[in-house]
Amino acid sequence: MSKIYDVIILGAGPAGLTAGLYAGRSRLSTLIIEKGQDGGQIAITDEIENYPGQMVEGESGPSLIARMTEQAKKFGAERCSDTIKSVELTGEVKKLVGVKGEYLAKSVIIATGAFPKPIGCENEGKFTGKGISFCATCDAAFFEDFEVYVVGGGDSAVEEAMYLTKFARKVTIIHRRDQLRAAKSIQEKAFANPKIHFLWDSVVVKVDGDELLSSMTVKNVKTGELTTITADEDDGLFGLFGFIGYNPNSQLFDGMLDMENGYIKTDDNMHTSIPGVFAAGDIRVKSLRQVVTAAADGAIAAMQAEHFISNT
């Protein structure tokens, strides 16, 4: 007979790890299931400036997540690496079926986060990993002294563009509007950086090359004009980084939970439409998706799970 946990947490980002810390500290038998590396999106963030209590002299996503992981471990949260393929969330005991086995729990906290939206251009899949990337901290070093382009105009796009200037000789931000959406403080840094250039009112419609990305077609959204950009002859390639937002990692729960544009609806206490099932972090409908709000969600979800278990 499989062990029935008090709570199973899906995802080991800031929301999931905080939920694990609070659940373990409340003496709930807790299992955190993560299919990849801990941290989610924050694990590929080079620099964090706005998490309360962080190391002021400098904090990276991986360093913050490493400490969160250790805290959850300290309070007894068990860990499992598996990919969940199906779930049964109704009833007193919830069942999660993974590639490696089945997992049972009295309550479930969904903290599966979100993943980058594709750029949406022709041949994108062919050149993903061969010039196209969605993670500057992962791949910036591959473009040392090359030219790179960044698609997007929000906080993440501009911050990642600034990070890329540490490696690339020139960084061009391609944005479909004529002004950035990033916070003013971030914009000011970008405009002051001599390595950063801008291509306004534009979208990438096609990418091409032999084995590696070496050309792309850009469309002006106001005039319809198409422009082909090719790699410098001496380089033979360039980098294209996409930062235009995220899609919720919620396909597993389609038709089971109330959602809005793929994000799971919850109340202020992280309750979903199914009793004993909670959602926390970037996966839920909310106005601000940051590490600090994910951590708060995780803490609330864990305490609500404890309350649910104690009263059923």
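Overview of the structure.

The rules behind each value
Residues numbered from 1 in each chain as written. Predicted model: local features only at pLDDT ≥ 70, side-chain atom pairs only at ≥ 80, totals over all residues. Heavy atoms only, no water. Pairing = 2+ DSSP bridges. Helix = DSSP H or I, 4+ residues; strand = E, 2+ residues; numbered from the N terminus. Salt bridge = Lys/Arg side-chain N within 4 Å of Asp/Glu carboxyl O. Buried < 20%, exposed > 50% of the residue type's maximum accessible area, 1.4 Å probe, protein only. Phe/Tyr/Trp six-rings, centres within 6.5 Å; stacked < 30°, edge-to-face > 60°. Axes fitted to C-alpha atoms, helices over the stretch in contact; angles between N-to-C directions. Parallel < 35°, antiparallel > 145°, perpendicular 65-115°, else oblique. Left-handed = near helix turned anticlockwise from the far one by under 90°. Contact = heavy atoms within 4.5 Å. Nonpolar A, V, L, I, M, F, W, Y, C, P; charged D, E, K, R; others polar.

All right, on to the pairing of strand S14 (residues 226–230) then. The sheet contact formed by strand S13 (residues 213–220) and S14 spans 5 bridges and is antiparallel. Opposite Val218, over in S14, you have Thr227 as the bridge partner. Linking S13 back to S14 in an antiparallel pair, the connection comprises 5 residues, with Gly224 at a positive phi of about 80°.

Quick look at the pattern of salt bridges now. Evaluated as defined, the whole model comprises 11 salt bridges. For Asp235, the salt bridge goes to Arg169, with nearest N and O atoms at 2.6 Å. Of this pair, Asp235 sits in the loop between S14 and strand S15 (239–242) while Arg169 sits in the loop between helix H5 (155–164) and strand S10 (170–174), and the two are 66 residues apart along the sequence. Residues Asp297 and Lys286 are paired through a salt bridge, measuring 2.7 Å at the closest nitrogen-oxygen approach. Linking Asp297 in helix H7 (residues 291–310) with Lys286 in the loop between strand S19 (277–279) and H7, this pair joins segments that are 11 residues apart in sequence. Residue Asp297 shares its accessibility class with Lys286, and that shared class is buried. If you follow the salt bridges from partner to partner, you end up with Glu147, Arg169 and Asp235 in one network.

Moving on to the packing of aromatic side chains. Inspection of every chain in the model, using the stated rule, returns 7 aromatic pairs. Considering the side-chain rings of Phe143 and Phe241, the 5.6 Å spacing of their centres and the 75° angle between planes classify their relative orientation as edge-to-face. Note that Phe143 is positioned in the loop between helix H4 (136–139) and strand S9 (147–151) and Phe241 in strand S15, a separation of 98 residues in sequence. By relative accessible area, which is 6% here, Phe143 ends up buried.

Bringing the packing of helix H1 (residues 14–25) against helix H2 (residues 61–74) into the picture now. Contact geometry for H1 and H2: axes closest at 8 Å, N-to-C directions at 30°. By the criterion of interaxial angle, the relationship of H1 to H2 is roughly parallel. Our pair here, H1 against H2, has a crossing hand that is left-handed. Between H1, through Pro14, Leu17, Gly20 and Leu21, and H2, the contact on the second element is made entirely by Ile65, Met68, Thr69, Gln71 and Ala72. For the contact of H1 with H2, a count of residues per class yields 6 nonpolar, 3 polar and no charged.

The values are spatial; any link to function lies outside them.
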